[in-house]
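One letter stands for each residue in the lines below.
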Amino acid sequence: MTSDTTAAPAASRAGSEPRASTRHGSGGAPLPARLSRGLAAIGLVPFAAYLLLFLVLPTILAVATGFFTRDGAFTTNNISALWDPTVLLTFANSAGLSLLTAAIGAIVGALVCYALLGMNPSGGVRTVIDAASGVLAQTGGVMLAFMFIATLGLRGVLTELLKTFGVDPFAQGPWIYELPGLILPYLYFQIPLMVITFMPALSALKPQWAEANLTLGGTRASFWLRIGIPVLAPAFLASFLLLFANAFSSYATAAALASQGSQIVPLQIRAALTSETVLGRENLAGALALGMIVVVGVVMWLYSLVQRRAARWQS
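Residues numbered from 1 in each chain as written. Predicted model: local features only at pLDDT ≥ 70, side-chain atom pairs only at ≥ 80, totals over all residues. Heavy atoms only, no water.

Asks: How would you explain the overall build of the chain if you had to name every residue and give the values?
Replies: Along its length, the chain carries 14 helices and zero strands. Start at the N end of the chain and walk to the C end: the helices and strands fall as α-α-α-α-α-α-α-α-α-α-α-α-α-α. Burial status across the chain gives 31% buried among its 315 residues. Look at the contacts in the chain between residues 6 or more apart in sequence, and 70% of them connect residues 24 or more apart. Carbon and sulfur atoms make up 70% of the accessible area of the chain, which amounts to about 18,600 Å² in all. (Helix = DSSP H or I, 4+ residues; strand = E, 2+ residues; numbered from the N terminus. Buried < 20%, exposed > 50% of the residue type's maximum accessible area, 1.4 Å probe, protein only. Contact = heavy atoms within 4.5 Å. Areas by Shrake-Rupley, 256 points an atom, 1.4 Å probe, with all protein chains shown as cover.)

As structure tokens, this is what we get:
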């Protein structure tokens, strides 16, 4: 009797093992889980194709053409042209414009986030500003350039209104179509972008920190100086770097507004590709694009480092 009772569980275990192995398969994972991962991988194919066609392939072509002549011969003349004083001045102009608009956009956007902090997240004002920021941060190109030309152009509505009061904003020249004229259009989308990226970090400040500060005899000023600003500094710096990269790589608005000259790198790339006076230097555009890729790549690498540090206390 004892041998029969002990053999029965053993037989049942032996019979269950093949069924378990067929259920889990050779990989050890349940079949539905493997199917789910396979379907998820298939769902990523369109996104991977998009990245390949519109990001990876153009980057490879831009970098490769910088090392070849028009006839396909290998050369380093295009890369050495990056040290030309005119090209260096163009990179300096792009960096200066990006730094200025990123700094102003970061400060003004942070102040807007601070003003929104005391409002109800589901209230009407907060909802409208969040929605408007999402739309304005993506506004650019010819449409944005036309808006500023129609408003602040030589015959713009606001320009004509100011002239009726004896104020001529273009008494020193048509600056709206030059490098200074790009500052206001860039701020138009830089400030909303700062609101989108910095507001989650500001909202993640824990009320317990403020309560602990008050319990220990601190004030509102001491909270921001000793807790708030140090904690938010990485997130603020990360947002600033993102704004810099966004302005440095912007093209469409500058191309539509500053139609003459090549004050910034994207416009100089356009000139290298379309100029009718300087022929045979089309591949210089690849070298300029390589320079932009290096600058933006370094900035975004720093952004990822700072963002990981900022995410430590947000998690």
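The structure having been displayed, the exposition proceeds.
Asks: Can you break down the packing of helix α10 (residues 207–215) against helix α11 (residues 220–248) residue by residue, with the values?
Replies: Two elements in contact, α10 and α11, have axes separated by 10 Å at closest approach and are oriented at 150 degrees. When the axis of α10 is compared with that of α11, the two are roughly antiparallel. Regarding α10 and α11, the two cross each other, and that crossing is right-handed. Within the contact between the two elements, α10 uses W209, A210 and N213 and α11 uses S222, F223, I227 and V231. The residue inventory of the contact of α10 with α11, partitioned by class, reads five nonpolar, two polar and no charged. (Axes fitted to C-alpha atoms, helices over the stretch in contact; angles between N-to-C directions. Parallel < 35°, antiparallel > 145°, perpendicular 65-115°, else oblique. Left-handed = near helix turned anticlockwise from the far one by under 90°. Nonpolar A, V, L, I, M, F, W, Y, C, P; charged D, E, K, R; others polar.)

Asks: Outline the pattern of salt bridges, supporting the account with residue identities and numerical values.
Replies: By the definition in use, this model includes one salt bridge. In this structure, R126 engages D130 in a salt bridge whose closest nitrogen and oxygen atoms are separated by 3.5 Å. Here the residue R126 and the residue D130 both occupy positions in helix α6 (residues 124–136), the gap between them amounting to four residues, near one helical turn. Judged by its relative accessible area of 9%, R126 falls in the buried class. (Salt bridge = Lys/Arg side-chain N within 4 Å of Asp/Glu carboxyl O.)

Asks: Lay out the packing of helix α5 (residues 85–117) against α11 with the relevant residues and their values.
Replies: The geometry of α5 relative to α11 is characterised by a closest axis approach of 9 Å and an angle of 140 degrees between their N-to-C directions. As the angle between them shows, α5 and α11 are arranged oblique. Relative to α11, the crossing made by α5 is right-handed. Residue composition of the contact of α5 with α11, by class: 16 nonpolar, four polar and one charged.

Asks: Which residues make up the confidence of the model for the chain, and what are the values?
Replies: Of all residues in the chain, 84% attain a pLDDT of 70 or more, and the chain-wide mean is 82. A low-confidence stretch, residues 1–26 (pLDDT under 50), is modelled with six contacts involving residues beyond four sequence positions or located in other chains. (pLDDT = per-residue confidence, 0-100.)

Asks: Give a description of the side chain of T139 that names residues and reports values.
Replies: Residue placement: T139 occurs in the loop between α6 and α7 (141–152). Within polar-contact distance, the side chain of T139 engages the backbone oxygen of V135 at 2.9 Å. (Polar contact = N/O pair within 3.5 Å; in protein donor to acceptor, adjacent residues only side chain to side chain.)

Asks: Please set out the packing of aromatic side chains residue by residue, giving values where relevant.
Replies: Taken as a whole, this structure holds nine aromatic pairs when the rule is applied. Measuring from centroid to centroid gives 5.2 Å for Y50 and F54, while their planes differ by 40 degrees, and the two rings are tilted. Separated by four residues within a single helix, Y50 and F54 lie in helix α3 (residues 45–65), roughly one turn from each other. Between F223 and W224, the aromatic rings sit 5.3 Å apart at their centres with planes inclined by 75 degrees, giving edge-to-face as the arrangement. (Phe/Tyr/Trp six-rings, centres within 6.5 Å; stacked < 30°, edge-to-face > 60°.)

Asks: Just give me the short version of the nonpolar core, but keep the residues and values in it.
Replies: With 42 residues, the main nonpolar core has F91, F198, L202, L232, I269 and L288 as its most contacted residues. Of all the secondary-structure elements, those providing two or more residues to this core are α5, α9 (183–203), α11, α13 (265–274) and α14 (284–314). Counting residues per element, this core draws most heavily on α11, which supplies twelve residues. When neighbours within four sequence positions are excluded, L202 is seen to be in contact with C113, Y114, L117, W224 and L232. (Core = buried A, V, L, I, M, F, W, Y, C linked by side-chain atoms within 4.5 Å.)

Asks: Which residues make up α7, and what values do they have?
Replies: End to end, α7 covers 16 Å across twelve residues, agreeing with the expected 16 Å (1.5 Å per residue, within 8%). Among the residues of α7, those classed as buried are G141, L144, A145, F148 and L152. Here the buried residues of α7 occupy an arc of 100 degrees about the axis, which is enough to place them on one side. Seen from the open side of α7, the exposed residues pointing more than 90 degrees away from its buried face are V142, M143 and F146. In this fold, the buried residues of α7 make contact with α8 (157–164), α9 and α12 (252–257). (Expected span 1.5 Å × (residues − 1). Arc of directions from axis to C-beta.)

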